[in-house]
Amino acid sequence: MRILVVGGAGYVGSHCLRHLISNHNDVWVYDNLSQGHAAAVPEGRLIVGDLLDTGKLIETMKQHDIEAVMHFAAKALVGESVVRPDIYYKTNVTGTLSLLDAMVASGVKKIVFSSTCAVFGNVQPPITEDLPKNPINPYGFTKLVIEHALADYAAAFQLEAAALRYFNACGAASDGSIGEDHDPESHLIPIVLQVALGQRPHVQIYGTDYPTLDGSCVRDYIHVEDLADAHLRVLSHLKPGRLVHYNLGTGVGVSVREVIEAARRVTGHPIPVIESDRRPGDPAVLMGDPTKALKELGWSAKFKAIEPVIKSAWAWHQAHPSGFQK
Ligand code: UDP
């Protein structure tokens, strides 16, 4: 299939891109490189452009006779979204509407959208697809707005849409070629591994008074290669005029303290911690119920435990201590 991977130079997008290519799809990347890395995209496959440039999107879709879009390009930091909602609404909402308009104008029907478990807010886990959606931060709101837009565009323009709600994407490619590299880095696992590499003195635990077993937040860490697998599978389960949703998690919750403990075992480093205040916008527990994805897509996470996930990330960080710069 001819697929336009929007945001394909970014973390999740670049891992999905690899998987699509190794499954014989003809893939193009559209990315403004504001957060992504050209080095994560195979030679000759990158179109540098902005989501807000509807004209360039239309031209790109027509030129490459695109059949499906995978949309990863977004701002995705909970804490940042609380202080800069303007950027989040512009990129995630206005930007995605521009992409949808370009699809309608160029007759592209299929779209797989990177949504998030942050659309749910504080709900009782495990989180199934149909639970109420009450986001508690602007990031989650922007993604929920687009889920609604996708359903409406699908019905009106016969689009075939999927919203894949990731839990906490993590890990790196098994061959060590690509991995997580954000600037600045704010995600737990890469920060912990930067401490192990001696690039930071300690990791802060944001909140130790949550109503969880050890007081730190609990998340469902899902490996990027498992996410990539779900993206490919869902392409053959799209339905004309409909938006389908899947929650992509392992079904297992891991606390911040448990992540740090696992990283100590994997790296052999003591990884000093500082207990800090809660980070605004963080729910106490997010843990997915992957039953629907298993039943309908035949998908389940291959990386179920946190240690192998951290091992894959550690291999990337050790081989590329400065990320894509080296
Ligand atoms: N976290 C932390 N210290 C850090 C970074 C993150 O305690 O330096 C916590 C954060 O509050 C959350 C969990 O780790 O409970 C995962 O955060 P991350 O930013 O990796 O992903 P998010 O859940 O925001 O998508």
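If you're wondering where the values come from, they're calculated on a predicted model, not measured in any experiment.

For the rest of this paragraph, the subject is the overall build of the protein. Per the secondary structure count, the protein includes ten helices and 13 strands. Seen through its C-alpha atoms, the protein measures out along the principal axes to roughly 55 × 45 × 40 Å. A buried classification covers 56% of the 326 residues belonging to the protein. For the protein, restricting intrachain contacts to residue pairs at least 6 apart in sequence, the fraction spanning at least 24 positions comes to 77%.

Two numbers describe how helix H6 (residues 188–196) lies on helix H10 (residues 306–319): the axes approach to 10 Å, and their chain directions differ by 60°. Regarding the angle of H6 to H10, the classification is oblique. As H6 runs across H10, the sense of the crossing is right-handed. In contact with Ile189, Pro190, Leu193 and Ala196 of H6, H10 contributes Ile306, Val309, Ile310, Ala313, Trp314 and His317.

Our next topic: the pairing of strand S8 (residues 203–206). Only one face of S8 is covered, namely the one carrying Val203 and Ile205; the face carrying Gln204 and Tyr206 has none of its residues buried. Summarising the sheet, S8 and strand S13 (residues 273–276) pair through four bridges and their orientation is parallel. In the strand pairing of S13, valine 203 is matched with valine 273.

Turning our eyes to something else, we now look at helix H2 (residues 54–63). Spacing of three or four residues puts side chains on the same side of an α-helix, whose turn is 3.6 residues. Residues of H2 that are buried: Leu57, Ile58, Thr60 and Met61. Buried residues of H2 fall within an arc of 165° about the axis and therefore sit on the same side. Exposed residues pointing more than 90 degrees away from the buried face of H2 are listed as Glu59, Lys62 and Gln63. Elements in contact with the buried residues of H2: strand S1 (2–6), strand S2 (26–31), strand S3 (46–48), strand S4 (68–71) and helix H4 (85–106). Aspartate 65 sits one or two positions beyond H2 and adopts a positive phi of about 50°.

The bond known as a disulfide is covalent and runs between the sulfur atoms of two cysteines. The final tally for this structure, using the stated rule, is zero disulfides. Here cysteine 16 stays unpaired: no disulfide links it, and the sulfur of cysteine 170, its closest cysteine neighbor, is 13 Å away. Relative accessible area serves as the criterion here: at 1%, cysteine 16 is assigned to the buried category. Lacking any disulfide linkage, cysteine 217 is separated from the closest cysteine sulfur, that of cysteine 117, by 12 Å.

Note on placement: aspartate 181 falls in the loop between strand S7 (168–170) and H6. Here the side chain of aspartate 181 touches phenylalanine 324 through a polar contact of 2.8 Å, landing on its backbone nitrogen. For aspartate 181, the contacting residues outside a window of four places in its chain are His37, Trp316, Ser322, Gly323 and Phe324.

Attention shifts here to the sheet that holds strand S6 (residues 160–166). Pairing in this open sheet of seven strands is parallel, and the strands run S3-S2-S1-S4-S5-S6-S11 from one edge to the other. In the strand order of this sheet, the two ends are held by S3 and strand S11 (242–248), each with one partner. Across the sheet, the mean angle from the axis of one strand to that of its neighbour is 20°, orientation sign disregarded. In the sheet, S1 pairs with S4 via four bridges, with the strands oriented parallel. Paired with valine 5 across the bridge in S4 is methionine 70. Sheet strands in contact with helix H5 (residues 138–157) are strand S5 (110–116), S6 and S11, and its direction is about 155° off that of S5.

The rules we used
- Residues numbered from 1 in each chain as written.
- Predicted model: local features only at pLDDT ≥ 70, side-chain atom pairs only at ≥ 80, totals over all residues.
- Heavy atoms only, no water.
- Helix = DSSP H or I, 4+ residues; strand = E, 2+ residues; numbered from the N terminus.
- Buried < 20%, exposed > 50% of the residue type's maximum accessible area, 1.4 Å probe, protein only.
- Contact = heavy atoms within 4.5 Å.
- Axes fitted to C-alpha atoms, helices over the stretch in contact; angles between N-to-C directions.
- Parallel < 35°, antiparallel > 145°, perpendicular 65-115°, else oblique.
- Left-handed = near helix turned anticlockwise from the far one by under 90°.
- Pairing = 2+ DSSP bridges.
- Arc of directions from axis to C-beta.
- Disulfide = S-S within 2.5 Å.
- Polar contact = N/O pair within 3.5 Å; in protein donor to acceptor, adjacent residues only side chain to side chain.

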